[in-house]
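# An overview of the molecular structure
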Amino acid sequence: MNNNYLDVLTNDHLLIEKALILVEKEAKKEEKMNVSMVKTLIEFLDDYGDKCHNMKEEKIYFPLLLERGLPPQGPIGVMLQEHQMEREYLDKLKESINDIEKSGKFITEFANLVAGYEELTKSHIWKENDILYPMGKHVITPEDETYLYNEFIKIESETAGAGAYERYVVQINTFEKQTGQRIDLLSAISTEIMTNMLDSIPVELSFVDADNRVRYFNKIYEKKIFTRTLSVIGRTVQQCHPQKSVHLVNQIIEEMKTGKRDQASFWINFESMFVHISYYAVRNEKGEYQGVVEMVQDVKPYRDLEGEKRLLD
Ligand SMILES: [Fe+2]
Ligand SMILES: [Fe+2]
């Protein structure tokens, strides 16, 4: 964990969200739900999410914001009410999971509680990340930041034990791996949207798989900095690069495969552009090489920027 107070809060949120997703997915399995895992996750949401994370806010962060002039009604008042509602849900969830454990039978009530708690907590986290924390940044001084960080760490060791966050990260990551439920946001997006999304950014992307074959590039129908047509798909990357740069491509891929390198970048003057070309190794959770993504963009417009632009044209 680094020592930034805001990272502490937002990292907590991320961990809570991961736990929520796991509970939600398990609850959908009904009779096949992994009861002991869900019980552990609910305990985490209570012991860490409420008694540690929410206390960082209620005992330290919110009082400081009030001291710095934020009104007691407004977002802080709403957040406090929502913490209370979360607690009520958690009490019912604990009761319900204990009933399931004892009887060995799934109850629909549990799924409803999970859905309600999840909706509340997700919107709560969103409001804090996107509204309250940015508001807080405007009133918090550099000294406050150090104070907040130190107090957060103190609360954590008092309520959940020193190093609790790191311990829970390991536990929740293990659960994700066990259930094969690594969070996958892309599966909720259609291939059409994904294609359009990757085509809409001013970057040319290509993907070469672990067998060195080109499998994807974006902007198929647009004019690109370096011409690329559909015939490259399935060809080896060595067949698609000018002879004079093949040795470099081979070296990059070789070093990425052995784990010696994760990225490589180059920049060149090309026509009227200043072209930045970079390669990033794509690895799975175990760190195994799955391929390389190439990113090409004309960075001249960025290099020419000066000052700031905060308004819409
Ligand atoms: Fe909160
Ligand atoms: Fe929070």
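Note that the structure is a prediction, hence the values are computed from the model and not measured.

## A closer look at the overall build of the protein
Scanning the protein from terminus to terminus reveals 9 helices and 5 strands. The helix and strand sequence of the protein, counted from the amino end, reads α-α-α-α-α-α-α-β-β-α-β-β-β-α. At 25 Å, the protein has a C-alpha radius of gyration far larger than the 20 Å of a compact globule built from 313 residues. When the backbone C-alpha atoms are referred to their principal axes, the protein occupies close to 65 × 55 × 35 Å. Put simply, the protein has 313 residues, and 21% of those count as buried.

## Regarding the domain arrangement of the protein
Each assigned domain of the protein is listed with its residue range as follows: domain 1 (5-183) and domain 2 (191-303). Averaged C-alpha coordinates put domain 1 and domain 2 at centres separated by 39 Å.

## Quick look at the nonpolar core
In summary, soluble globular proteins display a tendency toward joint burial of nonpolar side chains. Within the largest apolar cluster, 38 residues are counted, with the highest numbers of intra-cluster contacts made by A19, V23, L41, I42, L45 and L93. Elements with a contribution of two residues or more to this core: α1 (5-28), α2 (35-67), α3 (74-103), α4 (108-139), α5 (142-159) and α6 (164-179). The contacts of V23, once residues within four sequence positions are left out, are V38, L41, I42 and V114. Core analysis: the second largest hydrophobic core is formed by 9 residues, V208, V237, V249 and V292 among them.

## Concerning the sheet that holds strand β3 (residues 263-270)
The strands making up a sheet are joined through hydrogen bonds of the backbone, oriented either antiparallel or parallel. If you trace the 5 strands from one edge of the open sheet to the other, you get β2-β1-β5-β4-β3, paired in antiparallel fashion. Two strands lie at the open edges of the sheet, namely β2 (214-217) and β3, each paired on one side alone. The mean angle between the axes of side-by-side strands here comes to 15°, regardless of whether they run parallel or antiparallel. As defined by bridge partners, strand β1 (residues 204-209) adjoins strand β5 (residues 289-298) across 6 bridges and the pair is classed as antiparallel. Bridging from a neighbouring strand, F207 pairs with V293 of β5. Sheet strands touched by helix α8 (residues 243-257): β3, β4 (273-283) and β5. Its angle to β5, the strand with the most contacts, is close to 135°.

## Comments concerning unusual backbone geometry
Even without glycine at this site, N212 takes up a positive phi of about 70°. Here E271, not a glycine, exhibits a phi torsion of approximately 50°, which is positive. For E271, the location among the structural elements is in the loop between β3 and β4.

## Looking at the packing of α1 against α6
Across the interface, α1 lies against α6 with an axial gap of 11 Å and an inter-helix angle of 30°. With respect to their mutual orientation, α1 and α6 come out roughly parallel. In this structure, α1 crosses over α6, and the sense of that crossing is left-handed. Along the contact surface, α1 presents N11, L15, K18, A19 and L22, while α6 presents Y165, Y168, V169, I172, F175, E176 and T179. For the contact of α1 with α6, the per-class residue count stands at 8 nonpolar, 2 polar and 2 charged.

## What to know about the environment of S123
Its place among the elements puts S123 in helix α4. We classify S123 as exposed; it has 11 C-beta atoms within 10 Å. Residues S123 and E82, 41 residues apart in the sequence, show an inter-C-alpha distance of 9.8 Å.

## Remarks on α1
Since the α-helix packs 3.6 residues into each turn, any two residues three or four apart lie on the same face. Its 24 residues place the ends of α1 35 Å apart at the C-alpha level, agreeing with the 34 Å of an ideal helix rising 1.5 Å per residue. Just downstream of α1, E30 is the residue with a positive phi angle, here 50°.

## Considerations on the pairing of β4
In this structure, β3 lies alongside β4, joined through 8 bridges in antiparallel fashion. Paired with N269 across the strands is F274, a residue of β4. By the bridge criterion, 9 bridges tie β4 to β5 in an arrangement that is antiparallel. In the sheet register, S278 faces β5, and the bridge partner there is M295. What sits between the antiparallel neighbours β4 and β5 is a turn of 5 residues, in which G287 has the positive phi angle 90°.

Definitions and cut-offs
Residues numbered from 1 in each chain as written. Chains lettered and ligands numbered in written order. Predicted model: local features only at pLDDT ≥ 70, side-chain atom pairs only at ≥ 80, totals over all residues. Helix = DSSP H or I, 4+ residues; strand = E, 2+ residues; numbered from the N terminus. Rg over C-alpha atoms; globule rule 2.2 N^0.38 Å. Buried ≥ 20, exposed ≤ 12 C-beta atoms within 10 Å, placed from the backbone. Domains from an automatic or database assignment. Core = buried A, V, L, I, M, F, W, Y, C linked by C-beta atoms within 7 Å. Contact = placed C-beta atoms within 7 Å. Pairing = 2+ DSSP bridges. Axes fitted to C-alpha atoms, helices over the stretch in contact; angles between N-to-C directions. Parallel < 35°, antiparallel > 145°, perpendicular 65-115°, else oblique. Left-handed = near helix turned anticlockwise from the far one by under 90°. Nonpolar A, V, L, I, M, F, W, Y, C, P; charged D, E, K, R; others polar. Expected span 1.5 Å × (residues − 1).

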